[in-house]
Amino acid sequence: MGQEIQELGPEWDARWDALAGQTAESGFMQSTAWAAFKRSEGYTTRRYGLFEEEALTGGASLLSYSAPGSEGFFLCPEGPLMPWHDPPKAREGLRLLARAVEQQAEQSGGLGLRIEPHLPPPRPSLMRNWTRAPIDLNPIHSLMLDLTLSDAEFRAQMRPKGRYNLGLAHRHGVTVIRSQAMHDLTRFYPLFEETARRQRFFAEPFGFFLNLGAALFPSGQAELFFAEWQGETLAAILVILFGRRATYLYGGSSARQRQVMPTYALHWAVMQAARAQGCREYDLYGYDPFGLPEHLYAGFSQFKRQFGGRRIDNIGAWDLLFYERLAASLVERLAAPG
Amino acid sequence: MSLYLDERDDGSCALYLDGDLQFDSRDEALYHESLALPALCLARRARPTGLRVLICGGGDGLALRECLRFPGVVHADLVDYDPEVVELGRTRFAALNADAFEDTRAHVHIADAWDFLKSADPYDVVLCDFTVPRRAEDTRVFAQEWYARLAEVLTPDGLLALNAVSPQRVPEAFWCLRKTVRAAGLSALPYRACIPSFRAHGYGAWGFLLASHSPLNASLLHDLDEDCPVSTRQTDLSRLWRGARFSRAERRLEQQVPVHTLQNGCLLPLLLNPGLAPSEQEAAQHPYDLNPLLRAIPILHPYHTRLMVETLAKQVIGTMSALDLRRLVEAVLRRAAALPQEVRTELTRLREFLSLSPMQLQVFGAWCGRLFVALVLLMTLANAIAPDNAFAKGSGAGAGAHGSSASVGHSSFGGGRGFGTGGGRASGGSFSGARGFSSSSRAGGSFGRGGSFSSSRSFGHGSVFSGHGDAPHFTGSGFRSSYGSGHAVDLEGVPRSSRSFFYCGSGGGHIHTYTVVHGGTAPAMAPQTHQSLFVAAKDMLVLDNGDVIITLSDTAYLLVTNGTVALMSDKNPDPLLLLYPDPTLFQNIRQQLEDQGLGVEQAITARQDWLSWVGWTSALLPAVGEDRKELTNLQDLDRRLHTAFDRLGNPPASAAATPPPAADEVELFLGCRLLANGDITIRDDRGEWLTTDGATLTTGQTHPAPRPSPPLLTAALYSILVKLDPDTTAALASDRHDLQLSETDLRALQQDLNDYQLLQRQNDSSYEVDYGTEQIPASDAISRTQKDIDQNLQETKRLQDDITHLTLLQERIQALQPRYKTGP
């Protein structure tokens, strides 16, 4: 019995989210709410389902963005959902998806399909004709914490210094406040922006967070956590909770009062909340496993390492280029006057 | 469109549309009075009563409030297409807009402004209060055709006032708007005002245009306060004319920009790309000069900055060699009829060439410059188009490459397989070196080499204080509080950990005649402590006295002053040794100081510009006082950077660059090498190489006989070796990981190859097989897999070489540590 692919309308939202949320190779960027957020950011979204014997077995939630005079890629962050454990089936499923997307590209434009499933490297043979993308939307290396452990078991697998700092935060009386209120984004953003400047990464603008909050707060898929001490907010993080996984997506901390270890209390509270919501793992999102001094996550990894956890390696983003579209766009550009 | 209303505890609020601030109730009167009152006052001069007003946009009712409280206004139409905003105007903002929507003179229309104007009566005053466009379709109400239509409904003595854009942050777009209004047959008077909340979001000084059928000039604004029949809440009308003063250079921009029409849609590109970019044509003439090519890539999204796009472009170019060029060229040729003849000819030749040999991107570029440029642009744009790509979280640690110097340290566009596919880890350009090693596959490296610099140079988008940020900034303390507080700060005003340095004299003369190694006359001055004040690069500091420090380890550093370079240790105030004054070192420091100084000067100009006419709002905004403090701090820093520049001095004219180290040597810093036998050699100020094995020192020609190595020198070298150790271990771990992946991949490729060969033998030659998700003839699959295997073997070889080299280095460092660990 072969597989089939078809577009999924909103009536599939719940079933799709249930599947994506429980698929280890996928994640929140495949969720319905994330697509809604991206639409508010100006993306077009499209979702395909892969069926076998009329049962939904996989598929892809795709994003695309258009601007005058330019074609982009169809993006499938944290996807597609494929039967990766069964390579012949996955090859067939991916081929069906690629064909459907290329047909779509003929109508709406698009130079290729970019996928980014959580698969360990190297890339599987069935992606032989795909090329490595210049950008990975998600970290290639990450650190995953196991939320199925009891508190005692979890503490036991932490590094001694991490355990100590966590205890210190609690002894100092750092409190953690949870919030899904839009107005708390104005409290979160200055800390995030300050950290971005300190750590030298490009910070998403405030409007991005407004759109994110508007799309994800109501469904409980995103939540803010603030660490407070003696009336002062010292650190904040924005966590995504989707299916089996919680993800530490954004964070920021003040340069003040670091000695009370607010970030330890913060992540501890997130883990408790995530576990209560049924998450089985907590992704610390971005990690340098080697200790490279110039690594993008060098500054954060030292901290993250204290929580123990398991290192995750991903294949990163891969492109299937639509050569006919690429050629057509090139000709258009070259033939233009001037 | 997303709408967010930020309601604060103090009762104030701020409205955001699509993340852009529309108004903040604490200073909205500044904006709305500045927009509405000049037009109303001037219109009233010609027609004291019976004024008919049209407001386009402005659904919040705040501009409407200004019109309705103005004597003589008998009718006001407000047309806005967004019912949500208008609803807020009726409800939440009713107190703010003084119940403007309840006024019988007010007529609200939820409609597209273009549609509304299809049939409209004449107006004495028209206010355009549209949001700043973020998408192409938003620019329809900024086009020449739109202003021409407004000109038709404007009475002969009528006034048009429009919310423009920031002349400070997007000057090309601002002057394009003025030119566009004039092209519609109206005269146009530009002016600007400072809105504190706008500025806090990084929007810069705010621009307006006043337009009419009769000539307008700035002198009309002089007596505005006397003319105005209503009192203002926040705007000082007597000073508004000052905002209409623009420099000749600013005005000249208008000649260089096009008129925005519905057809050419040039406004959005100008808004997103301040600073006119060179054209694609210019770039095509020099396909290998990346700079014009990078500048030709337009910014497509308000979230992005030029640095982001250029970083991305470099990464895209780095991965383009994976393109199947033959397939692409064939697909292009199938559409060749549309192409210019010369491009067609080149492509045909290229196809013939490709049928004979595998394609290199470089060859492609050389043969087909224009096509190459077009391809780079196309692929970069395709990658840049999605706003999220600028904030990609990839770690930059993909197989075989670990980030480019362009992206290291701050990167976004994180996939990070940067430009220059030579592979290898760009060390990110550290001044103190030693991370570069001397392996040919490793770019960057020791201070002064390879043209790579610390991240702050490329990062410095400077938006925090220059007001050129693309993102709303909730600016932190910046230079207001961090500077001079005992911390060293960087160009962003971010405090960094401070370090103090204790040494004898500096600058001013050749004081360092005494060194630990060579002895000499003891210095005449007592040593002094100097604090690091400014972090110019990751390991380059400027001290409070203007001396430049290159940090080498926790205790060792280079002091660069007055044309001399001294190797110093925290443990002793006297130089250990004067080093050879390599001109490359001085040149790179000077370049770095210049870059940083430029950033500071831009910040100063922006602050002065701001403060020159913000003074009268200081009662509203205590932060203005902070701005003055920040300006003072910046000016102080600027002076010190100039001092640093002066104190740096020049090496003797006879000094020549030090040749690169041999293959089996490791450069610890410029002029200091770890030799294969474990000795360390240093070039002194006379150009002689001193060699130490930790215990003894051989001093070149002058003192050929070995003598005991000064323990302080040995200790300093030890500290550098200790610092090198974990870096080498990390590089090894990363390379070993990559090698393991590469080997696994190779086994899979060889398995595929075997399968294809078997299938080919069992079937005829045209038999199609699965190659990834494609189905292609077995023979093609075999040749492509073979190509993949060849590439894999090259990569494996490179990794193996690197690992061999690094292992040796690690062994050498570890074996050496006991030998050098003899100092105090």
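Just so it is clear, the structure is predicted and the values come from calculations on it, not from any experiment.

Along its length, chain B carries 24 helices and 27 strands. Residue burial in chain B is summarised as follows: out of 824 residues, 53% are buried. Taking as baseline every contact in chain B between residues at least 6 positions apart, the subset at least 24 positions apart corresponds to 65%.

Before going further, it helps to spend a moment on the packing of helix α6 (residues 171-183) of chain B against helix α9 (residues 248-256) of chain B. Residues and elements named next belong to chain B. In contact at an axis separation of 8 Å, α6 and α9 are set at 65° when each is read in the N-to-C sense. By the criterion of interaxial angle, the relationship of α6 to α9 is roughly perpendicular. The element α6 and its partner α9 pack so that their crossing is right-handed. Across the interface between the two elements, Pro171, Glu172, Trp175, Arg178 and Lys179 of α6 pack against Glu250, Leu253 and Glu254 of α9. Each residue belonging to the contact of α6 with α9 can be placed in one class, and the counts come to 3 nonpolar, no polar and 5 charged.

This next bit is on the sheet that holds strand β12 (residues 281-283) of chain A. Residue and element names in this part refer to chain A. Ordered in space as β8-β9-β10-β11-β12-β7-β13, the 7 strands form an open sheet in which the pairing is mixed. At either margin of the open sheet sits one strand with a lone partner, and together these are β8 (175-179) and β13 (310-313). Recorded for the sheet is a direction-independent mean angle of 30° between the axes of neighbouring strands. Of the strand pairs in this sheet, strand β10 (residues 232-242) and strand β11 (residues 245-253) are connected by 8 bridges, and their pairing is antiparallel. In the sheet register, leucine 241 faces β11, and the bridge partner there is alanine 246. Against the sheet, helix α6 (residues 185-199) makes contact with β9 (222-229), β10 and β11, and its axis sits at roughly 75° relative to β11, the strand it touches most.

Residues and elements named next belong to chain B. Its place among the elements puts glutamine 596 in helix α21 (residues 583-614). Glutamine 596 sits 517 residues away from valine 79 along the chain, and the two C-alpha atoms are 48 Å apart. With near-sequence residues (within four places) excluded, glutamine 596 lies in contact with Leu491, Ala536 and Leu641.

Residue and element names in this part refer to chain A. A large share of strand β4 (residues 73-77) lies buried, amounting to 5 of its 5 residues. Residues Phe73, Leu75 and Pro77 of β4 are buried on one face, and the alternating residues Phe74 and Cys76, pointing to the opposite face, are buried as well. Where β4 and strand β5 (residues 112-116) come together, 5 bridges link them in parallel fashion. Looking at the pairing, phenylalanine 73 lines up with glycine 112 of β5. With helix α3 (residues 87-108) bridging β4 and its parallel neighbour β5, the resulting β-α-β unit is right-handed.

Residue and element names in this part refer to chain B. On average, residues of chain B score 78 in pLDDT, and 78% of them reach the 70 mark or higher. Across residues 395-477, where pLDDT falls below 50, the model places 306 contacts with residues more than four positions away in sequence or in other chains. On the interface metric, ipTM, the complex scores 0.89, and its pTM is 0.74.

At their nearest, the axes of helix α10 (residues 323-335) of chain A and helix α17 (residues 369-384) of chain B sit 10 Å apart, and the two run at 120° to each other. One way to sum up the angle between α10 of chain A and α17 of chain B is to call them oblique. For the element pair α10 of chain A and α17 of chain B, the recorded crossing hand is right-handed. Where α10 of chain A abuts α17 of chain B, its residues Ser329, Leu330, Arg333 and Leu334 of chain A lie against Arg370, Leu371, Ala374, Leu375 and Leu378 of chain B. Its residues assigned to classes, the contact of α10 of chain A with α17 of chain B shows 6 nonpolar, 1 polar and 2 charged.

Residues and elements named next belong to chain A. Residue proline 80 is bonded to the preceding glycine 79 through a cis peptide linkage, with omega at 5°. Position of proline 80 relative to the elements: it lies in the loop between β4 and α3. The residue methionine 261 is not glycine, and still its phi comes out positive at about 55°. Its location among the elements puts methionine 261 in the loop between β11 and α8 (262-276). Overall, the presence of 24 C-beta atoms within 10 Å leaves methionine 261 in the buried class.

Turning to the sheet that holds strand β8 (residues 154-163) of chain B, a few remarks are in order. Residue and element names in this part refer to chain B. One open sheet accounts for 7 strands, arranged β6-β5-β4-β7-β8-β10-β9; its pairing is mixed. Where the open sheet ends on each side, the last strands, each with one partner, are β6 (106-110) and β9 (187-193). Going from strand to strand, the sheet's axes swing by 15° on average, the running direction of each strand aside. Relative to the sheet, helix α1 (residues 28-46) contacts β4 (51-57), β7 (123-129), β8, β9 and β10 (206-212), its axis offset from that of β8 by approximately 170°. Strands in contact with helix α5 (residues 144-153) are β7 and β8; relative to β8, the strand with the most contacts, it is inclined by about 140°.

We now examine the pairing of strand β1 (residues 3-7) of chain B. All names here are of chain B. Across 5 bridges, the pairing between β1 and strand β2 (residues 13-17) is antiparallel. Of the residues in β2, the one forming a bridge with glutamate 7 is cysteine 13. Hairpin geometry of β1 and β2 is characterised by an intervening segment of 5 residues between the two adjacent antiparallel strands and by a positive phi of about 90° at glycine 11.

Thresholds applied
Residues numbered from 1 in each chain as written. Chains lettered and ligands numbered in written order. Predicted model: local features only at pLDDT ≥ 70, side-chain atom pairs only at ≥ 80, totals over all residues. Helix = DSSP H or I, 4+ residues; strand = E, 2+ residues; numbered from the N terminus. Buried ≥ 20, exposed ≤ 12 C-beta atoms within 10 Å, placed from the backbone. Contact = placed C-beta atoms within 7 Å. Axes fitted to C-alpha atoms, helices over the stretch in contact; angles between N-to-C directions. Parallel < 35°, antiparallel > 145°, perpendicular 65-115°, else oblique. Left-handed = near helix turned anticlockwise from the far one by under 90°. Nonpolar A, V, L, I, M, F, W, Y, C, P; charged D, E, K, R; others polar. Pairing = 2+ DSSP bridges. Right-handed = clockwise from strand over helix to strand, strands pointing away. pLDDT = per-residue confidence, 0-100.

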